Amino acid sequence: MEDFFKFDPTTIGSKGLVFVGEDVLVYRRDKNTDKFPLHLDLPGGGPENQETPFDNFRREVLEEFNLQIEPSDIVYVRKYPSTLNNGRFSYYPVAKLDASLKDKIKLGNEGLEYLLMPLDEYLARDDAWPIFQERAQDYKTTLEG
């Protein structure tokens, strides 16, 4: 997990789960995208200006949902090799925030709507981006292990 807080020039992004209370925060992508239009997606994106993977994730969550992530909120991180860019990696963090922050959520300029749902519901959805569901299942498996 230490690498998540250090600059990594091989990183292409940080995208993962944000729990608000017991529910996972997701958003519906708009139809003006090449990849998985109208599917459910998770907070995160690509880095800017020498950001650490954590700083990248924190900025994206703030821009997309008006929520502030602190290092102490991160409970899990896994680094995955990119499926598109050889030698590059992405980070899949999991943050846990207090349920009281539900009232602070404001959808930014990406997506059509946000939803809060139990992790098992997200994992069962047919309209979620499959690779991020797989990574959420990896996280769940570590909890059950």
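Chains are numbered independently. Their residues run from 1 in the order of the written sequence. Thresholds applied to this predicted model are a pLDDT of at least 70 for local features of residues and 80 or more for the giving and counting of side-chain atom pairs; totals over whole chains, interfaces and linings are not thresholded and use all residues. Processing note: side-chain calculations cover all non-hydrogen atoms of the structure and skip hydrogens and water entirely.

(A) Main features of helix α3 (residues 130-144). For α3, spanning 15 residues, the distance from its first C-alpha to its last is 21 Å, which sits close to the expected 21 Å at 1.5 Å a residue. Looking only at α3, the buried set comprises Phe132, Gln133, Arg135, Ala136, Tyr139 and Lys140. Taken end-on, α3 shows its buried residues confined to a sector of 165°, consistent with a single buried face. Of the exposed residues in α3, the ones pointing more than 90 degrees away from its buried face are Glu134 and Glu144. Contact partners of the buried residues in α3: β1 (11-15), β2 (17-20), β4 (40-41), β6 (74-81), β7 (89-97) and α2 (119-124). Put simply, DSSP marks the helices as runs of H or I at least four residues long and the strands as runs of E at least two long, and each gets a number from the N terminus on. Every helix has an expected span of 1.5 Å times one less than the residues it contains. Partly exposed residues are those whose accessible area sits between 20% and 50% of the maximum for their type, while under 20% is buried and over 50% is exposed, using a 1.4 Å probe and protein chains only. Note that the arc is defined by the directions from the helix axis to the C-beta atoms. Here, two residues are considered to be in contact whenever any of their heavy atoms come within 4.5 Å of each other.

(B) A look at helix α1 (residues 53-65). The terminal C-alpha atoms of α1, which comprises 13 residues, lie 18 Å apart, in line with the 18 Å expected from a rise of 1.5 Å per residue. Buried within α1 are the following residues: Pro53, Phe54, Asn56, Phe57, Arg59, Glu60, Val61, Glu64 and Phe65. Where α1 terminates, the next one or two residues include Asn66, which has phi positive at roughly 65°.

(C) Expanded view of the packing of aromatic side chains. Only the six-membered ring of Trp is used, alongside the rings of Phe and Tyr, when aromatic pairs are assigned; centres must lie within 6.5 Å, and planes under 30 degrees apart are stacked while those over 60 apart are edge-to-face, with the rest tilted. Tallied over the full model, the rule gives 10 aromatic pairs. Note on Tyr80 and Tyr92: the rings are 6.4 Å apart at their centroids and 85° apart in plane angle, and the pair reads as edge-to-face. Of this pair, Tyr80 sits in strand β6 while Tyr92 sits in strand β7, placing them 12 residues apart in sequence. For the pair shown, Tyr80 and Tyr92 are each scored as buried. Taken together, the aromatic side chains of Phe4, Phe5, Phe54 and Tyr91 make up a single cluster linked through ring pairs. Note on criteria: charge over ring means Lys NZ or Arg CZ within 6 Å of the ring centre, with the direction from the centre no more than 35 degrees off the ring normal. Taking the ring centre of Phe132 as reference, the NZ or CZ of Lys15 above it sits at 5.5 Å. When the ring centre of Phe19 is taken as reference, the NZ or CZ atom of Lys96 above it lies at 5.0 Å.

(D) Geometry of the side chain of Ser82. Tracing the backbone shows Ser82 in the loop between β6 and β7. Residue classification places Ser82 among the buried residues on the basis of a relative accessible area of 15%. N or O atoms closer than or at 3.5 Å make up a polar contact, with two conditions inside protein: a donor-capable atom paired with an acceptor-capable one, and, for residues adjacent in sequence, both atoms drawn from side chains. One polar contact links the side chain of Ser82 to the main-chain amide nitrogen of Asn85, over a distance of 2.8 Å. With near-sequence residues (within four places) excluded, Ser82 lies in contact with Ile12, Arg88 and Phe89.

(E) Geometry of the environment of Pro130. Along the chain, Pro130 falls in helix α3. Spatially, the C-alpha atom of Pro130 lies 9.5 Å from that of His39, the residues being 91 residues apart in sequence.

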